[in-house]
Amino acid sequence: DQQVKQNSPSLSVQEGRISILNCDYTNSMFDYFLWYKKYPAEGPTFLISISSIKDKNEDGRFTVFLNKSAKHLSLHIVPSQPGDSAVYFCAASEWETSGSRLTFGEGTQLTVNP
Amino acid sequence: GAGVSQTPSNKVTEKGKYVELRCDPISGHTALYWYRQSLGQGPEFLIYFQGTGAADDSGLPNDRFFAVRPEGSVSTLKIQRTERGDSAMYLCASSSRQGATDTQYFGPGTRLTVL
């Protein structure tokens, strides 16, 4: 079963506008969430994370929001830049109980148009 | 400093053959992970090492897959009697396992193609 789902395989936005990438999960034991971005021919690169004790974490242009009751998180990129064009993966772990294994979503291809 | 490196970057083999994929983690990182990514999917966990020992190998799909990390640094993922369904990108990651969070840093991957 797919415990982490990214329902939008692709997203296209204009440069300077906001990009919102969404992620849903089903496992209530997940307590740590991360976003990775991946460029072609490279491995995933860590972007931002959030613990389940928080509902928001911000780092520059990137903000992650967590809604535990809805089992939903989102990544906001403001303002979007063409260099942000990449595949974005949502990931989750049961940090307190089973350590570091990450469960990933399918990914969303973000394209930022100049 | 140097990131996680993986060799080879590409490996083409025939069905039934044996392959080895190598991962060099970031220096000093005690934790090492292997993931497999199929086309259109996210990475899927295979195995996690803490030091030399496999702390969690529950993601290995069957007994044809085996991984070692004899000196607590370099790791090798070994696949016996390869099948076409083993074709995927194999990703390695490492982390320092310090503090309450644990960022995993990924290598560029090895693209395995089984003909």
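Residues numbered from 1 in each chain as written. Chains lettered and ligands numbered in written order. Predicted model: local features only at pLDDT ≥ 70, side-chain atom pairs only at ≥ 80, totals over all residues. Heavy atoms only, no water.

S.K.: Help me out: how do you make sense of the nonpolar core in this one?
M.R.: One broad trend across soluble globular proteins is that nonpolar side chains are buried collectively. Counting 23 residues, the largest nonpolar core has Phe33, Trp35, Leu73, Leu75 and Tyr88 of chain A as its most contacted members. For this core, the secondary-structure elements that each account for two or more residues are strand 3 (19–25), strand 4 (32–38), strand 5 (45–51), strand 7 (62–67), strand 8 (72–77), strand 9 (86–93) and strand 11 (108–113) of chain A. Residues Cys23, Ile26, Leu46 and Phe65 of chain B belong to the second largest nonpolar core, which totals 20 residues. (Core = buried A, V, L, I, M, F, W, Y, C linked by side-chain atoms within 4.5 Å. Buried < 20%, exposed > 50% of the residue type's maximum accessible area, 1.4 Å probe, protein only. Helix = DSSP H or I, 4+ residues; strand = E, 2+ residues; numbered from the N terminus.)

S.K.: How should I be thinking about the state of the cysteines in this particular structure?
M.R.: Cysteine pairs can be covalently joined through their sulfur atoms, and such a bond is termed a disulfide. Inspection of every chain in the model, using the stated rule, returns two disulfides over all chains. Between the sulfur atoms of Cys23 of chain A and its disulfide partner Cys90 of chain A the distance amounts to 2.0 Å. Disulfide Cys23 of chain A-Cys90 of chain A: the torsion about the S-S bond is -70 degrees, which places it as left-handed. Of this pair, Cys23 of chain A sits in strand 3 while Cys90 of chain A sits in strand 9, and the two are 67 residues apart along the sequence. Judged by relative accessible area, Cys23 of chain A falls into the buried class, the value being 1%. The exposure class of Cys90 of chain A is buried, given its relative accessible area of 0%. Here Cys23 of chain B is linked by a disulfide to Cys92 of chain B, with a sulfur-sulfur distance of 1.8 Å. Its S-S torsion of about -65 degrees marks the bond between Cys23 of chain B and Cys92 of chain B as left-handed, since a negative value means left-handed. You can see Cys23 of chain B sitting in strand 3 (residues 19–24) and its partner Cys92 of chain B sitting in strand 9 (residues 88–95), a full 69 residues away along the chain. The same class applies to Cys23 of chain B and to Cys92 of chain B, which are both buried. (Disulfide = S-S within 2.5 Å.)

S.K.: How should the packing of aromatic side chains be read in this particular structure?
M.R.: Pairs of aromatic rings are described using the distance from one ring centre to the other and the angle between the two planes. Under the counting rule described, the total for this entry stands at 11 aromatic pairs over all chains. Taking 5.8 Å as the distance between ring centres and 50 degrees as the angle between the ring planes, the aromatic pair formed by Tyr36 of chain A and Phe104 of chain A counts as tilted. Remark: Phe104 of chain A occurs in strand 10 (residues 103–104) and Tyr36 of chain A occurs in strand 4; sequence separation between them is 68 residues. Here Tyr36 of chain A matches Phe104 of chain A in class, with each residue buried. Taking the centre distance of 5.4 Å and the plane angle of 90 degrees together, the rings of Tyr36 of chain A and Phe106 of chain B count as edge-to-face. Taken together, the positions of Tyr36 of chain A in strand 4 and Phe106 of chain B in strand 10 (residues 105–106) put the pair across two chains. Each of the two residues, Tyr36 of chain A as well as Phe106 of chain B, counts as buried. (Phe/Tyr/Trp six-rings, centres within 6.5 Å; stacked < 30°, edge-to-face > 60°.)

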